[in-house]
Amino acid sequence: MGASPFSSARFLRVILAAIPATALTVAIPLVNRVEPRIFGAPFLLGWIAIWVLLTPAFLWAIGRLERHW
Amino acid sequence: MTRATVALSIVAVVVLGTIGFALFGVRRIKMDPSQYIVGGRSFGTLFLWVLMAGEIYTTFTFLGIAGLSYSQGAPAYYILAYGTAAYIIAYFLTPAIWRVGKEHGLLTGPDFFEVRYGSRALALGVAVLQFLMIVPYVSLQLSGLQILLRIAGYGVYDATVSVCIGFIVLALFVYGAGLRGTAWASVVKDVFVLGAVIFAGIAIPIRFFGSPTAMFDHVLAKHPQMLVLPPGGAFHGTVWYVSTVLLTSLGFFMGPQTFNAVFSARSEDTLRRNAMLLPFYQCFLILMLFAGFASALIVPGLKGTAVDQSFLLVVQHFYPSWVLGLIAAAGALAALIPASALILAGASVITKNVAGDIFGFATDDAARTLLTRVLVVVVAVLALLVWLVAQKTVVEMLLLYYNGITQFFPGVAATFLWRRATALGVGAGIATGLAVAIPLAALNETPWGINPGFIGLIANVGVLALVSLASQRRSVIPGVEPK
């Protein structure tokens, strides 16, 4: 990569990885409810499912930033 | 033909057909240790994805998720999250591990510890622990297989003998086909499992409730607390959820079988693409939650380990025998294919890191391949014996797997993140982590609602840091830096 540890590109990658990771872990107590339902599923389950589906998009973006694809 | 004959015949045909297909896939491959254990480091994105999905999603996925959502409800959601969180870590970690493996021609997880910390003793310790973790994990798959065959036999048939025969056949298959054989078999397994999961999660709710949405309405009406987590430090509450997802996602790629799969990749980018694509497989697990919730409404009242049979009982009661046969066949593959990767990993660790590196035995290519093959059968028989004579011990030994596997993570991560880490520090950290986590888990203690393995992990990191700072620095191999 050649980026220094404190460069903005590296910072952006860390943020991009941290967003879905946070949403799936430490954010869970904040979304622990049934309403509003998401496509019929309880909110908590819908929230987790949406972030599972979004994670590939975040990893794809990181790969683009690192010029792997 | 009776319905049991129909269902069991389908299972037998599918399992044997899968093995035949995989043997056909490897018919022209000449085996040396690198080919046999890590597929010659040649797997592309799709093949690796199939292999990883094949060995990650076990009978636990198939029976356990439905069972956990059946009996507990929302705590089962953690399974969706931890795999996905693990793939985020894998995006960064697995290419770095692969690069070390490529440069040094590594075959096993303990090899990684040896080259990074320059310590054969540490590698031996890791090898022995990983081996001890694998045996009960294989036994667990056998229990899953037995449940499936019993249900497919409509309860009139004790499956123990069939489990033994099936497993010996599997061991002979691995003897011949190695990791590439497991990957080919995973192709068939993934197709069957995905089909079964879609059936369980969509067809069952539609038939009984009209739609998955209506099913959730029923669950809410009957068990209003089931769809959210208990608060805070309560049993299986939010604190447990967060600590468990963190613990299990960090440990996700630490199994000896996953090291083999990582080394089998063709390139670093193969692993990055693989990490990006694996969450899509994770989505299908949502459907197994649906199956568990549906079963809780259709066949309520199961207790103890019987909850793992919940959705299979629904299929058995309400669907024709050929449907049950296909579902049970998918489940049987979900037990056998991961088991094949596990026994191969266990055998390769003993061949390379114990027999070869410690006793200087079977170090040339031909002897090493042969010894690994023989040990595949030995490990399989050992797991089978443990399963047959000591079911209770299996449960206790599994604590070692679930709480222990993550304890390897600090040592692996430190080689990329903190170069002061020493072999002594890593070894002391692993020992401390296990010494803290396993008694807590055995006593069912969860201080403040936190998963005991997570407390062990924190102790592990603390001891690793302190002992490393206090012990003489052993420089890690230069030139393999993380990006």
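None of these values were measured; they are calculated from a predicted model.

### Comments concerning the overall build of chain A
If you tally the helices and strands in chain A, you get two helices and zero strands. Residue burial in chain A is summarised as follows: out of 69 residues, 32% are buried. Within chain A, contacts between residues at least 6 apart in sequence are counted, and of these 51% link residues at least 24 apart.

### Structural notes on the overall build of chain B
Secondary structure summary: chain B contains 19 helices and zero strands in total. Structurally, chain B occupies a C-alpha span of about 65 × 55 × 40 Å along its principal axes. Split into buried and exposed, the 483 residues of chain B put 60% on the buried side. Across chain B, contacts joining residues at least 24 apart in sequence account for 82% of those joining residues at least 6 apart.

### Some points on the interface of chain A and chain B
Opposite the 28 residues of chain A that make contact, chain B presents 32 residues. Taken together, the elements giving at least two residues each to the side of chain A that touches chain B come down to helix H1 (8–24) and helix H2 (43–65) of chain A. Among the elements that line the side of chain A that touches chain B, the one with the most residues is H2(A), at twelve residues. Of the residues assigned to the side of chain A that touches chain B, the class counts are 21 nonpolar, six polar and one charged.

### Quick notes on helix H18 (residues 423–442) of chain B
With 20 residues, H18(B) extends 28 Å from end C-alpha to end C-alpha; this agrees with the ideal 28 Å at 1.5 Å per step. Positive backbone phi, approximately 60°, marks B:Asn444, located one or two places after H18(B).

### As for the nonpolar core
One finds A:Ile48, B:Val11 and B:Ile343 to be the most contacted residues of the largest nonpolar core, which totals 199 residues. Of all the elements, helix H14 (residues 321–356) of chain B adds the most residues to this core, at 21 residues.

### Concerning the environment of B:Asn260
All names here are of chain B. For Asn260, the position within the fold is in helix H11 (residues 256–263). Separated by 154 residues in sequence, Asn260 and Leu106 place their C-alpha atoms 9.2 Å apart. Setting aside residues no more than four positions away along its own chain, Asn260 makes contact with Ile37, Val38, Leu179, Leu344, Ala345 and Ser348.

### Quick notes on helix H15 (residues 365–389) of chain B
Compared with the 36 Å implied by 1.5 Å per residue over 25 residues, the 36 Å span of H15(B) between its first and last C-alpha is a close match. Those residues of H15(B) that sit buried are B:Arg368, B:Thr369, B:Leu371, B:Thr372, B:Arg373, B:Leu375, B:Val376, B:Val379, B:Ala380, B:Ala383 and B:Trp387.

### With respect to unusual backbone geometry
A:Pro36 follows A:Glu35 through a cis peptide bond whose omega is -10°. Along the chain, the position of A:Pro36 falls in the loop between H1 and H2. The phi angle at B:His236 is positive, at roughly 55°, despite the residue not being glycine. Position of B:His236 among the secondary structure elements: in the loop between helix H9 (212–222) and helix H10 (238–251).

### Looking at the packing of helix H7 (residues 120–152) of chain B against helix H8 (residues 160–209) of chain B
Residues and elements named next belong to chain B. Running from N to C, H7 and H8 point in directions that differ by 125°, and their axes come no closer than 9 Å. Judged by the angle between their axes, H7 and H8 are oblique. For the crossing formed where H7 meets H8, the hand is right-handed. When H7 is examined against H8, the residues Leu142, Leu145, Gln146 and Leu149 are found in contact with a partner set consisting of Thr160, Ser162, Val163, Gly166 and Phe167. Its residues assigned to classes, the contact of H7 with H8 shows five nonpolar, four polar and no charged.

### So, the environment of B:Gly17
Residue and element names in this part refer to chain B. Along the chain, Gly17 falls in helix H1 (residues 3–25). With 12 C-beta atoms counted inside 10 Å, the residue Gly17 sits in the exposed group. Considering only alpha carbons, one finds Gly17 and Val188, 171 residues apart in sequence, at a separation of 9.1 Å.

### Structural notes on the packing of helix H5 (residues 78–104) of chain B against helix H6 (residues 109–117) of chain B
Residues and elements named next belong to chain B. Between H5 and H6, the shortest axis-to-axis distance is 10 Å and the interhelical angle comes to 80°. Judged by the angle between their axes, H5 and H6 are roughly perpendicular. Of H6, the residues touching H5 (which contributes Ile97, Val100, Gly101 and His104) are Phe112, Val115 and Arg116. Residues belonging to the contact of H5 with H6 are distributed by class as follows: four nonpolar, two polar and one charged.

### Overview of the confidence of the model for chain B
All names here are of chain B. Residues with a pLDDT of 70 or more make up 96% of chain B, whose mean pLDDT is 88. When the criterion is pLDDT under 50, residues 479–483 qualifies, and its contacts beyond four places in sequence or with other chains add up to six contacts. We note a pTM of 0.90 for the whole complex and an ipTM of 0.91 for its interfaces.

Cut-off values and rules
Residues numbered from 1 in each chain as written. Chains lettered and ligands numbered in written order. Predicted model: local features only at pLDDT ≥ 70, side-chain atom pairs only at ≥ 80, totals over all residues. Helix = DSSP H or I, 4+ residues; strand = E, 2+ residues; numbered from the N terminus. Buried ≥ 20, exposed ≤ 12 C-beta atoms within 10 Å, placed from the backbone. Contact = placed C-beta atoms within 7 Å. Nonpolar A, V, L, I, M, F, W, Y, C, P; charged D, E, K, R; others polar. Expected span 1.5 Å × (residues − 1). Core = buried A, V, L, I, M, F, W, Y, C linked by C-beta atoms within 7 Å. Axes fitted to C-alpha atoms, helices over the stretch in contact; angles between N-to-C directions. Parallel < 35°, antiparallel > 145°, perpendicular 65-115°, else oblique. Left-handed = near helix turned anticlockwise from the far one by under 90°. pLDDT = per-residue confidence, 0-100.

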